[in-house]
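Per-entry structural report
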Amino acid sequence: QVQLVESGGGLVQAGGSLRLSCAASGRTFTSYAMGWFRQAPGKEREFVSAISWSGGSTYYADSVKGRFTMSRDNAKNTVYLQMNSLKPEDTAVYYCAAVKGYHWPPLSETEYDCWGQGTQVTVSS
């Protein structure tokens, strides 16, 4: 398994940008597809985006498509989520997760094997 640590969250005004990072420990990072999920207060955790082990394929929730971009740097064992044109409804705790055996795209949180602790993103109006 890998251990995941997110960073980069914070407070931003609507229309602004943030870049989240998720650093993974372990030598098997390239064995995993990676995902970002988020959970707003009082709501269930929801899928945001996923990226294949090579970075060649990405998939996004409709709510973030065209605004968010997920990428990975396997040399640095890190995945990123570039978030542009942020909206107040993007406010949530953002989690990265890793999945080893999956059907593409891995949309369900139950598919994922490892999770980070989360990072708070707050978008003010």
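Calculation criteria
- Residues numbered from 1 in each chain as written.
- Predicted model: local features only at pLDDT ≥ 70, side-chain atom pairs only at ≥ 80, totals over all residues.
- Heavy atoms only, no water.
- Phe/Tyr/Trp six-rings, centres within 6.5 Å; stacked < 30°, edge-to-face > 60°.
- Helix = DSSP H or I, 4+ residues; strand = E, 2+ residues; numbered from the N terminus.
- Buried < 20%, exposed > 50% of the residue type's maximum accessible area, 1.4 Å probe, protein only.
- Core = buried A, V, L, I, M, F, W, Y, C linked by side-chain atoms within 4.5 Å.
- Contact = heavy atoms within 4.5 Å.

1. Side note on the packing of aromatic side chains
- What the rule picks out here adds up to six aromatic pairs.
- For the ring pair F47 and Y59, a centre distance of 6.2 Å and an interplane angle of 45° mean the geometry is tilted. Taken as a pair, F47 in strand β5 (residues 46–51) and Y59 in strand β6 (residues 58–60) lie far apart in primary sequence, twelve residues in all.
- Take Y59: its relative accessible area is 36%, and that puts it in the partly exposed class.
- Plain terms: the ring middles of Y102 and W104 are 6.3 Å apart, the flat faces sit at 65° to each other, and that makes the pair edge-to-face.
- According to the relative accessible area criterion, W104 is partly exposed, its value standing at 35%.
- Through pairs of rings, three or more aromatic residues link up here, namely F37, F47, Y59, Y112 and W115.

2. Some thoughts on the nonpolar core
- Core analysis: the biggest nonpolar cluster contains 37 residues, and L4, M34, W36, L81, M83 and Y94 have the highest contact counts within it.
- Among the elements of the structure, β3 (18–24), β4 (33–39), β5, β7 (68–73), β8 (78–83), β9 (92–99) and β11 (119–124) are those that each provide at least two residues to this core.
- It is β9 that contributes the most residues to this core, six residues altogether.
- Aside from chain neighbours lying at most four places away, what touches Y94 is E6, L20, W36, F37, R38, V48, F68, L81, M83, G118, T119 and V121.

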